[in-house]
Structures are given as C-alpha cells and as structure tokens.
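Structural overview
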Amino acid sequence: MRVRISHLTRKAKGVAHRDEDREEDILRIGRATDSEIYLPDARVNLVHATLSRRPGGFFIEAVGASTIRHNGASRSSAPLKIGDNVMIGPYDLTIVAPAAGEAIDVTIAVELVRAQADDLVALRARSRTSIEETGLRKRSVSWALSIVVFVLFIALPIAGFFIPGLNEWSRKLPVAFDHSWDSGPASDSHKFFAGDCSACHQKAFVQVRDSACLACHAKIEEHAPHDVKVAALSEERCAHCHKEHTHNDAIIVRAQGFCANCHVDLKKFNSKSTVADIGDFFSQHAEFRPTVVKAVETKKFERVSLSDKANLIEQSNLKFPHDRHLSERGVRGPNGVRQLKCADCHEPDRGGVGLLPIEMTKHCADCHQLTFDPRAPERKLPHGDVASAVGVIQDFYAGLALRGQIEEESAPASVRRRVGQPLREEEKKEALAWAETKAKQQMEIILGTSLCKSCHIVEPPSAQNPSWRVKPVKVVNVWMPKAIFVHAKHSTVDCTHCHDAPKSTQSSDVLMPSINTCRECHGGENQASRLPSPCAMCHVFHRQDLGPMRPDFKKTAATGN
Amino acid sequence: MHESILVYRHFRYLKWAVTLTVVAILAYVFHTPGEPANGGTWLGYTLGGIGAGLIFWLAWFGMRKRDYAKPTGKLEDWLSAHIYLGLSLIFIATLHSGFQFGWNVHTLAYVLMMLVIASGAFGLYAYIRYPRLMTDNRRGTTLDAMIVEMAEADREIRELAAKMSDEIRDLVFDAIDNTTIGGGVRRQLEPGRSGRTVAAIDKVRSAFASGARDQTETSRRLISLLTRKNELVVRARNDVMYKAMMDVWLYVHVPLSFALLVALVAHVIAVFFYW
C-alpha cells in the first residue's frame, strides 16, 4: 500500500506540513528511529502500533501493552476509515482521503498536540514545602480552641447558674455544665447532694456561708464554754476549718497543730483557764485525771490525777476486792470452784466503745445468793431494797411461828406445837414475839454480819434511825468523759495489761492505766516509732456537753451573713 | 538562632527561674496548712497568682515579638526570659495544684499549660539542633534552587530515557512524574527518603549490565543523572523536614496558648464564682 504521512506543525500563520510517502505492507508507528511513522516523543513506545491493509480496509493495531484511542475510545485494534482519529501518546493521527489523481491509498496527518509539560512547574505544583502550605492555620485554630473552651467552661456554667432550671436540666447530660468547675470530689458524707453545686455555693463570688452548713448542722455544738468564748473559734466560718473538694479526710480537721496552736498555752486566750496545757500526746500531755466518786450521797465527783496517789481513792461504798475474784485458785461457788475472767462481769456494750454496767443479779448472784434460811433454800431476799428485804425476813419467821412444828429447843411450846393445832390468844402473842425476836437475830446476821455486809456498808438501826440502812453504791462507768476510748479497738491487748485488777485489793483502787501505758503504742502526731495520735484521735472539737455553736442560726440564715 | 540564647547574659534568666523554682519548692516542703496541699491555701493562692501572672506575661511575648515600632527591651532578653521562666512554670503550677488532678477545667488548664511548655521546649530543641544541619545540608544553595536543578535534570533524563526501552522509560517517567518534595504535615516531618528514583536507577543499572552496546553510553549518563537527581531529592526533603521541625511546633504552641489563656480565665472564674 502507498501511504502519505503528513507531519503538521501549527504556527502563528497557519499550518505547515512536511510530507513523506511510503510504500510498505505494514507501517510501524513508534519512537524507534526506524519506525515508518516516526513519532519522536518519549511518551510514545518504541513500537507503539502497526498500520496494515487487510481485505476489509486499513487496520491499526496496538503493539504489546501499548494503548491507542480510536475516535476517543481505548482500543487494541480498530479498522480505519476516512476521517477517523487515532491518539498515540501526545500525537493525533487523522485519516484523510488522498487527493484526487495521486497514486496514494491513504494519507495520515500526524500532529503533536500535547507538548511535554514543564517539569519544573509540575514539580512545584506537586510539592508542598512548608507547613503553611499544608493548610494548618494558627489563627483560626486559636480562635476555634479558645471559643470551645470559653463556651464549655465559662459561658455554659455561668448561664446555668443565672438561668433558672438550666443547670438542673444539664444534670441529665453526661456532664452537667458546672461540674467541670468541680475542683475535686466532695467528701463522702456530702456526696449525696454534691451534684447540686448551688446547695452550698449559693451566691456567685461569695464564700460558702454558714447558713448553707447549718441548714443540716443546726445543732452543732460549741467548743469552749460560752463564758470563755474565743472569737477565732466562734466567729469563723464553718468552711474555714472544714475544707471541701480537696480530700475526703479534709472535711474533718485532724491535724495536731489545729488544737495545739491554742492548747499549748491556753492562758493566752483565757487567763482563768484550768485546762492543762497540751502540745503533743507523747511529750506534752498531762497525766490522766479520771473522774472518781468522792461521796455517793452528796453526788460528789472529783477529777484526780493518776499521779496524785494519796487522793486517788474512789468512795463507791462498795466492797469489791478484784484480786480475790481473779485469784488463780478460782472462787468457790454453789457449783464448785470457778476461775473467773474479766469478761465474765465486764461485757462490752453493743458498739464496743465502753463496757456495760455491772448488775448484781446478773454478775454476782450466781455465787452471792441472797438465800437466808436453810429451811427455805429457794427463798431469796430482794436486792437493792432494804425495807422489802427486812419485810421478807419478818414475814418468813411470822409465817413459821404461825405454822408451828419448829424444831428448835429454845423456841416456846406454842411454836413447837404440831401443825394444825389451834392457838390460844396468849399463845399467839408468844409465837409472834418469838418470830420478831428471831427476825431481829437473823437481820443482825444477814445484814449486819454476813450477807449484805460482805459487799456493802450497812448501818444498823440506831436511836436517830430505827431501820436498817445500806449505803447507796456508785461506781464511775466512764472515767474520762471528755475523751473517746473504744475498747473494741484494743481487743488485741489483755485487759490486765492496762488494768492491774489481779493485784487490786480494794474497791477504792482506781484501775485506770497511766498515760504512759498508752504511750507504749501511741505517740504524738509526728512520732515515727509510735502510732501517730493527734488530739482528734481521742478528743472531739464540738463538745456534746455544751450548747449549740450558732444559737442564733435562724437569724443568720435569714440575713445571710 | 543558636545556643547563645541559653547562655544569654551569663544565664541571667536561668538564675531567675531557678531561684523562683527553689523558693517555691522550699515553701511547699515547709508549708503545713493543716489540710491536704491544694490551690486554696495561702501558699496555693500565692503560687497560683505567680503562675497566672507568668502565663499572661509569657503570652505577651507573642505581642512583643511583633512590636517593631516601639520595642520594650531587647528581644533576646524577652526570649531568654520566656524560655526559662516558661520552664519554671512546670514547678510553680504543679506545686500550686498540690498534685490534685481531676476531670475538670482546672486540670484542663494545667494540661494545656504543660502541652504549651512541651511544644515550646520542642521549639527550643529544634532551633538549637536544626539550623546547623540545615546549613550543612543545603551546601550553600537554597531549596528553590534545588528544585530548579531537579527539573533541569528531569528534562535531560526524559531525553535520555526516550532512547531506552519502553520499560525503562516508563519507570523513569513514573519516577519523574511522582517525585514530590514535602507534602502533608506528616510527610514534611519525615526525613528525606529516596523512592522511585532509586528503583529507576537500579533498573537502568541492570539494563546497563546486560544492555545492548549502543545504549551503554546513554545508560551511563542516565544513571549518573538519576543519581544526581536522587541526591537532590533527599537533600530537598531533608531541608523541608528541618524547616518543618522549626515551624510545626508553633502551630501547636500558639493555638494551645490561646486555649490556655481562656482556660486559665475559666479556672480563676470557677474558683471564685463557687468560692
């Protein structure tokens, strides 16, 4: 076939063309220099396609993996007709009808239509060489972050405070508006209402007022007696000492210095103070001064220092030698010998704080049975009521006399008569007289010598006082009412380690241990080798024995100051 | 920028910052408030006041930096003090917190402050480390000159590649068309790597070993050009990385500083609003 290849070049003043004619069976199209249709652009393959004539006409066929576009569509081969367009790389090939009269089968116009792009421009376009070009912005990000922080942490919480109901509504959200302001968890005891900030923080930019605290703690007690009121204590805000939102323990002040600041020299605040100066439990604390009974009848109690041995005597009107009850040989009782332990009589109370009072009927009566006549071993005298006891004795012997058949040689015949034999008038008087004498004799023994007197101070009838009297008994149940001592917490220690009961011979002994016994384990707040024991371990600030600290609370709540 | 900003005026501002920090630590150690240490004790308020004052003053550096008309003090003084006093904030603010942290605006301000300080510390590190590396890497030229040189090499490479097989040409063209300098933030921060260009070199090299005799000269020149190009690519990418390292921290430092200022105001309002 004869083919004319017409290379077109567009110029400002029209199109120039350079023609070459070829006569081949197959024309190779490519950038290889020996191609029949030579397309000298690197984007064209060496042998890109072939053009051939077949019985049906002209055909173009891509070589290998080359791609061609025939009239805009990707093909691997295509028949060609006049007017068709084939794109090979950056070239357009157009099939043109041969000019009339020339011996040419087909003309192919070749034009480079897509020149190689400028590599520099392309490289620059592809490359972003500074952070700025990546689209990161300082100013807009600054604004965005600032606005988010402002809205979430300033605008919403403040709006919630001033717009009624808004904060309450926000508590339904995962995080309430003003909870981001919470500087730390509320103390455990306040947690149940801590979700509502305004329960305490009632007024903006005003410190939590006492009225908020007193709404619940109206009865909170005073610390010092009212006549020695210390301004620093009674006029300070509650929250001055009770710190919230810092640490669960901070709500109650336990630091030793909090107490010692004043108590190390209390005279500075109150010249009439009789309270001993205390600075530290281990190094600066007076010996204990338990409260002891000095006179039961006049209800006289006295605090006596444990170091004041001469005065350290309790006048309880009770006779009770601990040593004999705790003897290693045991004590003899109706059921034989029994070894007593402290806990047999001293039972802890329900809370384990103190010990239950001793009750005669419960703790003593097993051994100290109030029977009084072997003829009636079941009969017992009532305890704690002398008049009734005397009556029981009198009635008992009157009854015996009335019944008769008393086998006592000294008794008159009227009393020794057989049961059922009636008495004459004189015999009745005789029997009654015997009964009275007998009762008197027995009372001398029961009250005045053995039964009652073994534990009590008994006064026989006298000219001034014709009846038997047992002096009332009072034993102090709590030696140190101003301190808290929990027995249960000390259960690992033997009772006798602190209370020297096995050696106590008198009930007047005060078996309270010295402070030095405590100091075996307890030290001052900063002691490394002892259990650090600040004042608040044993003492309370708000004393239950004093009245309310803010008696005028109703007034302060109303005025809000 | 060089190390002398640290030794500026014989460490005058370092001494200030160390004094402030030591005093704050001693005060914290010897302070016994009778409650857990927190921002609400007198020392807590004092440290908080100092910290807040410092933060606003440090932020003012951003204004001072642009104040060319009526400068107050030398910029070196400002920068040196900005660095050292900024670092001392780590101690002041931590002691102010009493080590109490939570999910709240107070800890948010603290965290933002620490991030601002950390980004600033990175900036300081970058300004000490990278300028020298950058100078060494540039060898007296500039990034733009490197890019122009790369494009020139590309043109020549294309001409030579046209004389090679289609396979080699494809590989070489692909390398040229897909080589980028820099890119997204992550790409910019990565050290210079060679990729497609090296693959092309390897291909041309193996073709060279077994190639037709008439192409050996072309192959040799192509390898040489591609190698040159690759070296330019790696250097240009390193240059971008050094620059990015010195720039990128500011994109954290500045926005977080503004967020911190607002969070700090929120912190103070929160404390005194719910006093």
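Notes on the structure follow. Per chain, the residues get numbers from 1 upward, laid out in the order the sequence is written. Chains and ligands are labelled sequentially in the order written, the chains with letters from A and the ligands with numbers from 1. pLDDT decides what is reported in this predicted model: residues at 70 or higher carry local features, side-chain atom pairs at 80 or more are listed and counted, and totals for whole chains, interfaces and linings draw on all residues regardless. Note that the side-chain values use all heavy atoms of the structure and ignore hydrogens as well as water.

A word on the sheet that holds strand S3 (residues 26–30) of chain A
For two strands to be treated as a pair, DSSP must find at least two bridges joining them. Only DSSP runs of H or I covering at least 4 residues are called helices, and only runs of E covering at least 2 are called strands; the numbering of each starts at the N terminus. Spatially, five strands are ordered S4-S3-S5-S6-S9 (chain A) in an open sheet, and the strand pairing comes out mixed. Among the strands making up the open sheet, the edge pair consists of strand S4 (37–38) and strand S9 (77–80) of chain A.

Quick notes on the pattern of salt bridges
Basic side-chain nitrogens of Lys or Arg form a salt bridge, by our definition, when they fall within 4 Å of a carboxyl oxygen of Asp or Glu. This structure, assessed with the given rule, holds 41 salt bridges over all chains. Across the pair Arg31 of chain A and Asp166 of chain B runs a salt bridge, and its minimum N-O distance is 2.7 Å. A residue pair is termed interchain when its members come from two chains, as with Arg31 of chain A in the loop between S3 and S4 and Asp166 of chain B in helix H6 (residues 166–178). Across this residue pair, the class does not change: Arg31 of chain A and Asp166 of chain B are buried. Arg424 of chain A is the partner of Glu427 of chain A in a salt bridge, and the nearest nitrogen-oxygen pair spans 3.2 Å. Each residue is placed in one exposure class: buried if its accessible area under a 1.4 Å probe, protein chains only, is under 20% of its type's maximum, exposed if it is over 50%, and partly exposed if it falls in between.

What about the interface of chain B and chain A?
Whether two residues are in contact is decided by their heavy atoms, any of which lying within 4.5 Å being enough. Listed as interface residues are 58 residues of chain B and, on the opposing side, 55 residues of chain A. Note on chain B versus chain A: buried area summed over both sides is about 4,800 Å², and carbon and sulfur give 65% of it. The largest share of the area that chain B buries against chain A comes from Tyr251, Phe273 and Tyr274 of chain B, three residues that together contribute 19% of it. Joining chain B to chain A, the criterion identifies three salt bridges. Asp119 of chain A is paired through a salt bridge with Arg158 of chain B; the nearest N and O atoms lie 2.5 Å apart. A 3.5 Å cut-off defines polar contacts: any pair of N or O atoms within that distance qualifies, except that in protein one atom must be a possible hydrogen donor and the other a possible acceptor, and neighbouring residues in sequence count only when both atoms are side-chain atoms. At the boundary of chain B with chain A, the tally comes to 28 residue pairs in polar contact (both at pLDDT 80 or more). At the level of secondary structure, the elements contributing two or more residues to the side of chain B that touches chain A comprise helix H4 (105–138), helix H5 (143–162), H6, helix H7 (185–189) and helix H9 (216–273) of chain B. Sort the elements by how many residues they give to the side of chain B that touches chain A and H9 of chain B lands first, with 19 residues. Buried area: the accessible surface (1.4 Å probe) lost by two parts on joining, summed over both.

Re the environment of Glu244 of chain A
Residues and elements named next belong to chain A. Here Glu244 is to be found in the loop between helix H6 (238–241) and helix H7 (256–263). Judged by its relative accessible area of 25%, Glu244 falls in the partly exposed class. Separated by 140 residues in sequence, Glu244 and Ile104 have C-alpha atoms that sit 105 Å apart. In contact with Glu244, other than residues within four places in its own chain, are Pro185, Ala186, Ser187, His190 and Ile251. A polar side-chain atom of Glu244 sits 2.5 Å from a polar atom in the side chain of Ser187.

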